[in-house]
Amino acid sequence: MKKTITIVALAIVSLVNAQAFKGKGDVKGQVGMTLQDGGTGIGVSADFGMGENMSFGIVAGYMLNANEISGYKPRFEDRADLKVRFNANIGNVLKLSDNMDLYPGLNLGLRNFGGHLGFRYFFTNGFGMFAEANAPLARYDTDVNGFEHYNNQFVFTIGASFNL
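What counts and how
- The numbering scheme is per chain: residues are counted from 1 as the chain's sequence reads.
- Side-chain atom pairs in this predicted model are given and counted only at pLDDT of 80 or more, local residue features only at pLDDT of at least 70, and totals for whole chains, interfaces and linings cover all residues.
- Side-chain numbers come from the whole structure's heavy atoms, not from hydrogens or water.
- Pairing between two strands requires that DSSP report at least two bridges joining them.
- Only DSSP runs of H or I covering at least 4 residues are called helices, and only runs of E covering at least 2 are called strands; the numbering of each starts at the N terminus.
- Here, axes are lines fitted to C-alpha atoms. For helices the fit covers the stretch in contact, and angles between N-to-C directions go from 0 to 180 degrees.
- Within 6.5 Å between ring centres, the rings of Phe, Tyr and Trp (the latter by its six-membered ring) count as paired, and their orientation is classed by plane angle as stacked under 30 degrees, edge-to-face over 60, tilted in between.
- For a ring to carry a charge above it, either NZ of a lysine or CZ of an arginine must fall within 6 Å of the ring centroid while also lying within 35 degrees of the normal to the ring plane.

This next bit is on the sheet that holds strand β7 (residues 127–139). In space, the 8 strands of this closed barrel follow the order β1-β2-β3-β4-β5-β6-β7-β8, with antiparallel pairing throughout. The sheet shows a mean angle of 25° between the axes of neighbouring strands, direction not considered. Pairing geometry for strand β4 (residues 80–88) and strand β5 (residues 100–109), over 5 bridges, is antiparallel. Each residue of the ladder has a partner; that of phenylalanine 86, found in β5, is leucine 106.

Any pair of aromatic rings gets described here by the distance separating the centres and the angle formed by the planes. Counting across every chain of the model gives 5 aromatic pairs. By way of ring pairs, the aromatic residues Tyr121, Phe123, Phe127 and Phe162 are connected into one cluster. Directly above the ring of phenylalanine 122 sits lysine 28, whose terminal nitrogen or CZ lies 4.9 Å from the centroid. The ring of tyrosine 103 is capped by arginine 120, whose NZ or CZ atom sits 4.3 Å from the centre of that ring.

Written out as C-alpha coordinates, the structure reads:
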(Lines give C-alpha, C1' and ligand atoms only; values in the text may rest on other atoms or scores of the structure.)
Protein backbone atom coordinates (compact mmCIF):
# COMPACT_ATOMS: atom_id res chain seq x y z
CA MET A 1 0.00 0.00 0.00
CA LYS A 2 2.84 2.41 0.83
CA LYS A 3 4.40 1.82 -2.60
CA THR A 4 1.09 2.62 -4.32
CA ILE A 5 0.68 5.86 -2.35
CA THR A 6 4.28 6.86 -3.11
CA ILE A 7 3.84 6.22 -6.84
CA VAL A 8 0.57 8.20 -6.92
CA ALA A 9 2.19 11.08 -4.99
CA LEU A 10 5.16 11.18 -7.39
CA ALA A 11 2.80 11.18 -10.38
CA ILE A 12 0.84 14.11 -8.95
CA VAL A 13 4.02 16.07 -8.21
CA SER A 14 5.25 15.48 -11.78
CA LEU A 15 2.02 17.03 -13.09
CA VAL A 16 2.67 20.24 -11.18
CA ASN A 17 5.94 20.89 -13.04
CA ALA A 18 4.21 21.85 -16.28
CA GLN A 19 5.00 25.30 -17.67
CA ALA A 20 2.23 27.47 -19.12
CA PHE A 21 4.34 29.98 -21.10
CA LYS A 22 8.03 29.52 -21.83
CA GLY A 23 8.71 32.72 -23.78
CA LYS A 24 10.33 33.10 -27.20
CA GLY A 25 9.73 30.07 -29.41
CA ASP A 26 6.85 28.71 -27.33
CA VAL A 27 3.85 27.55 -29.37
CA LYS A 28 0.40 26.95 -27.87
CA GLY A 29 -2.71 25.56 -29.54
CA GLN A 30 -6.17 25.83 -28.05
CA VAL A 31 -9.59 24.49 -28.91
CA GLY A 32 -12.73 25.32 -26.99
CA MET A 33 -16.41 26.03 -26.80
CA THR A 34 -17.57 29.61 -27.33
CA LEU A 35 -20.55 30.96 -25.40
CA GLN A 36 -22.31 34.12 -26.53
CA ASP A 37 -25.70 35.71 -27.06
CA GLY A 38 -27.45 33.94 -29.95
CA GLY A 39 -25.62 30.63 -29.91
CA THR A 40 -22.60 28.54 -29.07
CA GLY A 41 -19.71 27.47 -31.22
CA ILE A 42 -16.13 26.37 -31.47
CA GLY A 43 -13.00 28.48 -31.19
CA VAL A 44 -9.50 27.47 -32.29
CA SER A 45 -6.36 29.50 -31.65
CA ALA A 46 -2.58 29.31 -31.88
CA ASP A 47 -0.11 31.54 -30.06
CA PHE A 48 3.58 31.95 -30.88
CA GLY A 49 6.05 33.28 -28.28
CA MET A 50 8.02 36.35 -29.46
CA GLY A 51 9.75 37.23 -26.22
CA GLU A 52 9.79 36.54 -22.50
CA ASN A 53 6.30 38.00 -22.01
CA MET A 54 4.92 38.53 -25.54
CA SER A 55 3.16 36.33 -28.05
CA PHE A 56 1.14 36.79 -31.20
CA GLY A 57 -1.45 34.47 -32.62
CA ILE A 58 -4.44 33.72 -34.78
CA VAL A 59 -7.99 32.88 -33.71
CA ALA A 60 -10.80 31.32 -35.74
CA GLY A 61 -14.35 30.96 -34.50
CA TYR A 62 -17.49 29.38 -35.89
CA MET A 63 -20.99 29.40 -34.37
CA LEU A 64 -22.43 25.90 -34.60
CA ASN A 65 -25.98 26.54 -33.46
CA ALA A 66 -26.66 30.17 -34.28
CA ASN A 67 -30.25 31.27 -33.79
CA GLU A 68 -32.43 32.30 -36.72
CA ILE A 69 -33.30 36.00 -36.93
CA SER A 70 -36.65 37.05 -38.42
CA GLY A 71 -37.04 33.59 -39.97
CA TYR A 72 -33.65 33.66 -41.74
CA LYS A 73 -30.87 31.18 -41.03
CA PRO A 74 -27.35 32.60 -40.74
CA ARG A 75 -24.97 31.88 -43.61
CA PHE A 76 -21.36 30.68 -43.23
CA GLU A 77 -19.99 34.23 -43.33
CA ASP A 78 -22.45 35.24 -40.58
CA ARG A 79 -21.17 32.44 -38.32
CA ALA A 80 -17.40 32.62 -38.95
CA ASP A 81 -14.76 35.04 -37.71
CA LEU A 82 -10.98 35.25 -38.01
CA LYS A 83 -8.62 37.39 -35.91
CA VAL A 84 -4.94 38.05 -35.34
CA ARG A 85 -3.90 38.90 -31.82
CA PHE A 86 -1.15 40.08 -29.51
CA ASN A 87 -0.81 38.79 -25.92
CA ALA A 88 1.09 40.06 -22.91
CA ASN A 89 1.85 36.83 -21.02
CA ILE A 90 2.18 38.11 -17.46
CA GLY A 91 1.95 34.97 -15.34
CA ASN A 92 5.61 35.24 -14.31
CA VAL A 93 5.32 39.00 -13.72
CA LEU A 94 2.51 38.33 -11.24
CA LYS A 95 4.61 35.52 -9.74
CA LEU A 96 2.03 32.85 -10.58
CA SER A 97 3.08 29.22 -10.54
CA ASP A 98 4.96 28.07 -13.67
CA ASN A 99 1.94 26.04 -14.80
CA MET A 100 -0.31 29.14 -14.88
CA ASP A 101 -0.41 32.04 -17.30
CA LEU A 102 -2.56 35.16 -17.41
CA TYR A 103 -2.60 36.91 -20.78
CA PRO A 104 -4.42 40.15 -21.58
CA GLY A 105 -4.21 41.26 -25.18
CA LEU A 106 -5.61 42.97 -28.25
CA ASN A 107 -7.05 41.42 -31.39
CA LEU A 108 -7.86 42.62 -34.89
CA GLY A 109 -10.54 40.66 -36.71
CA LEU A 110 -12.70 40.65 -39.79
CA ARG A 111 -15.48 42.39 -37.82
CA ASN A 112 -13.85 44.50 -35.11
CA PHE A 113 -10.88 45.56 -33.05
CA GLY A 114 -11.10 44.07 -29.58
CA GLY A 115 -9.51 43.02 -26.36
CA HIS A 116 -9.27 39.74 -24.52
CA LEU A 117 -8.25 38.35 -21.16
CA GLY A 118 -7.30 34.72 -20.80
CA PHE A 119 -5.96 32.25 -18.27
CA ARG A 120 -4.18 28.94 -18.90
CA TYR A 121 -3.48 26.16 -16.41
CA PHE A 122 -1.29 23.26 -17.53
CA PHE A 123 -1.63 19.86 -15.84
CA THR A 124 1.32 18.36 -17.76
CA ASN A 125 3.94 19.75 -20.13
CA GLY A 126 1.62 19.13 -23.06
CA PHE A 127 -1.95 19.55 -21.82
CA GLY A 128 -3.91 22.18 -19.95
CA MET A 129 -7.18 24.08 -19.77
CA PHE A 130 -7.93 27.68 -20.63
CA ALA A 131 -10.67 30.27 -20.23
CA GLU A 132 -10.84 33.47 -22.23
CA ALA A 133 -13.14 36.49 -22.44
CA ASN A 134 -13.27 38.62 -25.62
CA ALA A 135 -15.00 41.94 -26.13
CA PRO A 136 -15.07 44.39 -29.07
CA LEU A 137 -13.51 47.78 -28.42
CA ALA A 138 -14.29 49.31 -31.83
CA ARG A 139 -16.64 47.92 -34.46
CA TYR A 140 -16.12 48.49 -38.19
CA ASP A 141 -19.86 49.07 -38.60
CA THR A 142 -21.41 51.37 -36.00
CA ASP A 143 -24.94 50.14 -36.80
CA VAL A 144 -24.60 46.48 -35.79
CA ASN A 145 -27.86 44.56 -36.16
CA GLY A 146 -29.09 41.14 -37.23
CA PHE A 147 -26.37 38.58 -37.81
CA GLU A 148 -23.66 41.27 -37.57
CA HIS A 149 -24.23 41.15 -33.80
CA TYR A 150 -22.93 37.53 -33.63
CA ASN A 151 -19.28 38.50 -34.10
CA ASN A 152 -19.51 41.92 -32.43
CA GLN A 153 -20.25 41.06 -28.81
CA PHE A 154 -18.81 39.64 -25.61
CA VAL A 155 -17.70 36.02 -26.10
CA PHE A 156 -16.51 33.59 -23.44
CA THR A 157 -14.42 30.57 -24.48
CA ILE A 158 -13.39 27.57 -22.38
CA GLY A 159 -11.47 24.53 -23.50
CA ALA A 160 -8.20 22.63 -23.81
CA SER A 161 -4.73 24.06 -24.36
CA PHE A 162 -1.76 22.20 -25.83
CA ASN A 163 1.97 22.76 -26.21
CA LEU A 164 2.81 22.33 -29.89
